[in-house]
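An overview of the molecular structure
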Amino acid sequence: MLEWPLRRAPRLRMTDTAPPLQPPAAAGAPSGALPAGRADYAGFLQQHLASQTFNVVRYELPGESVWLKKAGPAIAAWRYRTLGLLSRLLDVPVLQPVVNPGGRTAIATEVRRLRDLHARGLRVPMVLADAPDGFLMRHLGLPGGNTPSLSDEIEAAARQAPASTLVLWQQGFAALQRVHASGTCLSQAFARNMVRCPDGVIGYIDFEDDPLATLPPALCIVKDALCYAHSTALFLDNAGTLEAARVDWQAWLAQTEPAVRTALERTVQQMRWVGKLPNQRKLGRDTLRLRAMVGLLRPLP
């Protein structure tokens, strides 16, 4: 499956939530009444880094929800060698792995990327405080509320309101294009890493690696596009809206830059055999996802 070059990071919305805690209050201020903008986020981060059990935990502070993400174990480089070899053997450069070393390096990368994306006007969690071993960021949704991923929304729509899957998919695809228009890329551009904020704007999460440090910009765009297609095509197929989305995909492909178009067309050509596999559940969900993705990406007649 196309997630193989990218290590799956914790799904922020699914992480266990800690009991509500108060931020350290400023001198003379009543506990729990401190405005969120003046909260001692750095002190809160240092206080909980050592004691937090899970890598990612949500905390409820007065008037806001925050996430504390701490450094996980380092990831051995050898895990990526097979992926690099596979990329060369198949002659599909976009499969070249984006190395995520984990640990402190991953934390520093995510903090840097969140701040860069925010500076570009893109909706990402705001970094409130950071340290070498972890950082604190603001929840993209309402305080105390859950924010379903775009993947969950599209999957639910495929079951309950099939016609609406296309609109949701188009919103996510447009959000992906906004990222590329700003001059950068995402990290793991699966629909599970996109969320709809309370004002309807699509936000982005999970930035432990930086594809631009490894791949040329055109391939980073291709990787993003393939990740999004791979994570949504089966839902579209189940809802009967795959062909309509295919028209949108080809319209985007026709106007994108030549290097992106060439790399995508080459990748689709190398994977065309997948579309010939039977549409049978016994082949497994991953195979069905790939089959649906190839169906979404194939050229119009």
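Residues numbered from 1 in each chain as written. Predicted model: local features only at pLDDT ≥ 70, side-chain atom pairs only at ≥ 80, totals over all residues. Heavy atoms only, no water.

1. Describing the overall build of the protein chain
- When its secondary structure is counted, the protein chain shows nine helices and six strands.
- Burial statistics for the protein chain: of 301 residues in total, 50% are counted as buried.
- Once local pairs closer than 6 in sequence are excluded, the contacts in the protein chain between residues at least 24 apart make up 70%.
- Accessible surface computed for the protein chain: about 13,800 Å², of which carbon and sulfur atoms make up 56%. (Helix = DSSP H or I, 4+ residues; strand = E, 2+ residues; numbered from the N terminus. Buried < 20%, exposed > 50% of the residue type's maximum accessible area, 1.4 Å probe, protein only. Contact = heavy atoms within 4.5 Å. Areas by Shrake-Rupley, 256 points an atom, 1.4 Å probe, with all protein chains shown as cover.)

2. Observations regarding the packing of aromatic side chains
- This model, assessed by the stated rule, comprises seven aromatic pairs.
- Look at F173 and W249: their rings are 5.4 Å apart centre to centre, the planes differ by 10°, and that puts the pair in the stacked class. In this pair, F173 sits in helix α5 (residues 165–181) while W249 sits in helix α7 (residues 242–255), placing the two residues 76 residues apart along the sequence.
- With a relative accessible area of 4%, F173 lands in the buried category. (Phe/Tyr/Trp six-rings, centres within 6.5 Å; stacked < 30°, edge-to-face > 60°.)

3. Focus: the side chain of S151
- Within the secondary structure layout, S151 lies in helix α4 (residues 150–160).
- The residues touching S151, leaving out its near neighbours within four places in the chain, are A191, R192 and F235.

4. Observations concerning unusual backbone geometry
- Unusually for a residue other than glycine, D206 sits at a positive phi of about 80°.
- Relative to the assigned elements, D206 resides in the loop between β6 (202–204) and α6 (217–239).
- Accessibility expressed as a relative area gives 3% for D206, which makes it buried.

5. Description of the pattern of salt bridges
- Here the structure, examined in full by the defined rule, presents 14 salt bridges.
- In this structure, K69 engages E110 in a salt bridge whose closest nitrogen and oxygen atoms are separated by 2.7 Å. Here K69, found in strand β2 (residues 64–70), pairs with E110, found in helix α3 (residues 103–119); they are 41 residues apart in sequence, far enough to count as distant. Pair check on accessibility: K69 and E110 agree, each one buried.
- A single salt-bridge network, built from bridges that share partners, covers K69, E110 and E208. (Salt bridge = Lys/Arg side-chain N within 4 Å of Asp/Glu carboxyl O.)

6. Concerning the sheet that holds β2
- Pairing within the open sheet is antiparallel, and its four strands lie in the order β1-β2-β4-β3. Strands at the two margins of the open sheet, each flanked by one partner only, are β1 (56–61) and β3 (127–131). Taken over all neighbouring pairs, the strand axes of this sheet differ in orientation by 15° on average, direction set aside.
- Where β1 lies against β2, six bridges are found, and the strand directions are antiparallel. Its bridge partner being in β2, L61 is matched across the sheet by E64.
- Along the sheet face, helix α1 (residues 41–49) touches β1, β2, β3 and β4 (134–138) and points at about 50° away from the line of β3. (Pairing = 2+ DSSP bridges. Axes fitted to C-alpha atoms, helices over the stretch in contact; angles between N-to-C directions.)

7. Remarks on α6
- In this model α6 runs 33 Å from its N-terminal to its C-terminal C-alpha over 23 residues, within 8% of the 33 Å that 1.5 Å per residue would give.
- The axis of α6 is deflected most strongly, by about 40°, at T232.
- When you tally the buried positions in α6, you get 20 out of 23 residues, the bulk of the element.
- Phi turns positive, to about 80°, at G240, one or two residues after α6. (Expected span 1.5 Å × (residues − 1). Bend = angle between axes of the 7 residues up to and from the residue.)

8. Concerning the pairing of β3
- Across the five residues of β3, four count as buried, placing the element largely inside the fold.
- Sheet topology note: the β3/β4 ladder contains four bridges and is antiparallel. Bridge assignment links V127 to a residue of β4, and that residue is M137.
- The turn linking β3 back onto β4 is made up of two residues.

9. Considering the confidence of the model for the protein chain
- Scored by pLDDT, the protein chain comes out at a mean of 80, with 74% of its residues at no less than 70.
- Low pLDDT, under 50, characterises residues 1–37; the predicted model gives this stretch 99 contacts beyond four residues in sequence or across chains.
- Counting contacts from residues 82–87, a segment whose pLDDT is below 50, to residues more than four positions away or on other chains yields ten contacts. (pLDDT = per-residue confidence, 0-100.)

10. Comments concerning the packing of α4 against α5
- The geometry of α4 relative to α5 is characterised by a closest axis approach of 9 Å and an angle of 165° between their N-to-C directions. Classified by the interaxial angle, the pair formed by α4 and α5 is roughly antiparallel. Judged by the twist between their axes, the crossing of α4 over α5 is left-handed. Residue-level contacts link L150, E153, I154, A157 and A158 of α4 to T165, L168, W169 and G172 of α5. (Parallel < 35°, antiparallel > 145°, perpendicular 65-115°, else oblique. Left-handed = near helix turned anticlockwise from the far one by under 90°.)

11. Here we look at the side chain of K69
- A residue is classified by how much of its surface remains accessible, and K69, at 2% relative accessible area, is buried.
- Of note is the side chain of K69, whose polar atom sits 2.7 Å from the side chain of E110.
- With sequence-adjacent residues up to four places away left out, K69 is seen in contact with N55, V56, I107, E110, D133, G134, F135, M137, D206 and E208. (Polar contact = N/O pair within 3.5 Å; in protein donor to acceptor, adjacent residues only side chain to side chain.)

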